[in-house]
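The chain contents come next:
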Amino acid sequence: MKTDQWLADTRTSYDTVAVSYADQLREALAGEPYLRASLALFAELVHATGGGPVADVGCGPGHVTAHLHELGVDAFGIDLSPAMIDLARRDHPSLRFEVGSMTDLHLADASLAGLLAFWSLIHVPDDAVPTVFSHFHRVLRPGGPLLLGFHVGDESRLKTQGYGGHPMNVYVHRRQPDQVTTWLRDAGFTVKAHLLLDLDESTPGAVLFAHRQP
């Protein structure tokens, strides 16, 4: 599938479900102690490297961006969906949010103290992941931490409905941490740790910590 097609499908799908998605995710972190612990560790790593701006790439309605802000991180959000960005700005008016794509980040080289992509890589096809990770590497400072969250598995499926029953047209890609680790190392990252989540559930997850090599 051409890059512009899957990006267009993802944008349209999340514009369509934006309100329902925001309603479902607004308080989601309250019931996720392991994710909150991962975010707290990420914030600690950002502070340890001197602090500075941190991008939440694929921020959706901004709930994770706001949580990082509460942890003292200078976080801002980027999302492909204009409707999601409108909701993020409405719900968190004191924070910065902008429309953008992880396949072509309009950020200066080495301008970020940290970068987060929490379950926002799940719609990126395999052949586009190296491009995304090269952008992550480019915009991070040397030594800057990267935190990824993603579905674990070996298959991809087409999602045609979600979040309130609204129509969608996106592929959801599940990946093994070893594969994501290989892509990161090829892009110039050092992988530090990963945590597997919900292993007894139908859709396990993983969070993975890395940093741009000095």
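Residues numbered from 1 in each chain as written. Predicted model: local features only at pLDDT ≥ 70, side-chain atom pairs only at ≥ 80, totals over all residues. Heavy atoms only, no water.

Quick notes on a negative patch on the surface
In step 1: A cluster of acidic residues, Glu 32, Asp 198, Asp 200 and Glu 201, forms a negative patch at the surface.
In step 2: Turning to its location among the elements, Glu 32 is positioned in the loop between α1 (3-25) and α2 (33-48). (Patch = residues over 30% accessible without salt bridge, like charges linked within 9 Å, V, L, I, M, F, W, Y side chains within 5 Å. Areas by Shrake-Rupley, 256 points an atom, 1.4 Å probe, with all protein chains shown as cover. Salt bridge = Lys/Arg side-chain N within 4 Å of Asp/Glu carboxyl O. Lys, Arg positive; Asp, Glu negative; His and termini not counted. Charge placed at Lys NZ, Arg CZ, Asp CG, Glu CD. Helix = DSSP H or I, 4+ residues; strand = E, 2+ residues; numbered from the N terminus.)

Overview of the layout of surface pockets
In step 1: Here the largest pocket defines a volume of roughly 1200 Å³.
In step 2: Lining of the largest pocket is provided by 47 residues; of these, Tyr 21, Phe 118, Trp 119, Ile 122 and Tyr 163 occupy positions nearest its centre.
In step 3: For the lining of the largest pocket, the secondary-structure elements that each account for two or more residues are α1, α2, β1 (53-57), α3 (63-70), β2 (74-79) and β6 (156-162).
In step 4: Looking at the lining of the largest pocket element by element, the count peaks at seven residues for α1. (1 Å grid on protein atoms, 1.4 Å probe; cavity = no way out; pocket = protein on both sides within 12 Å on 5 of 7 lines; lining within 4 Å. Points joined across faces, edges and corners; volume = space filled by probe spheres on them.)

A look at the nonpolar core
In step 1: Formed by 35 residues in total, the largest nonpolar core has its most connected members in Leu 115, Phe 133, Phe 136, Leu 146, Leu 148 and Leu 184.
In step 2: In terms of residues, this core owes the most to one element, helix α5 (residues 129-139), which gives five residues.
In step 3: Sequence-distant contacts of Leu 148, that is, excluding residues within four places in its chain, are made with Ala 117, Phe 118, Leu 121, Phe 133, Phe 136, Val 180, Leu 184, Ala 206, Val 207 and Leu 208. (Core = buried A, V, L, I, M, F, W, Y, C linked by side-chain atoms within 4.5 Å. Buried < 20%, exposed > 50% of the residue type's maximum accessible area, 1.4 Å probe, protein only. Contact = heavy atoms within 4.5 Å.)

With respect to the UniProt feature "domain: Methyltransferase" (unreviewed entry) in the protein chain
In step 1: In this structure's numbering, the residues bearing the UniProt feature "domain: Methyltransferase" (unreviewed entry) are residues 54-144.
In step 2: Overall, residues 54-144 shows 32% helix and 20% strand. The separation of its end C-alpha atoms is 10 Å. (UniProt positions renumbered as here; feature names shortened; annotations may be inferred.)

As for empty space enclosed by the protein
In step 1: Under the defined criterion, the tally for this structure stands at one cavity of 30 Å³ or more.
In step 2: Here the largest cavity is characterised by a volume of approximately 50 Å³.
In step 3: Lining the largest cavity are Leu 121, Val 129, Phe 133, Phe 150, Arg 175, Val 180 and Trp 183.
In step 4: A breakdown of the residues in the lining of the largest cavity according to their chemical character gives six nonpolar, no polar and one charged. (Nonpolar A, V, L, I, M, F, W, Y, C, P; charged D, E, K, R; others polar.)

Some remarks on the environment of Leu 196
In step 1: Note that Leu 196 resides in strand β8 (residues 189-197).
In step 2: A residue is classified by how much of its surface remains accessible, and Leu 196, at 39% relative accessible area, is partly exposed.
In step 3: Residues Leu 196 and Tyr 34, spaced 162 residues apart in sequence, show a C-alpha to C-alpha distance of 9.8 Å.
In step 4: Not counting residues up to four positions away in its chain, the partners in contact with Leu 196 are Val 152, Pro 177, Gly 205 and Ala 206.

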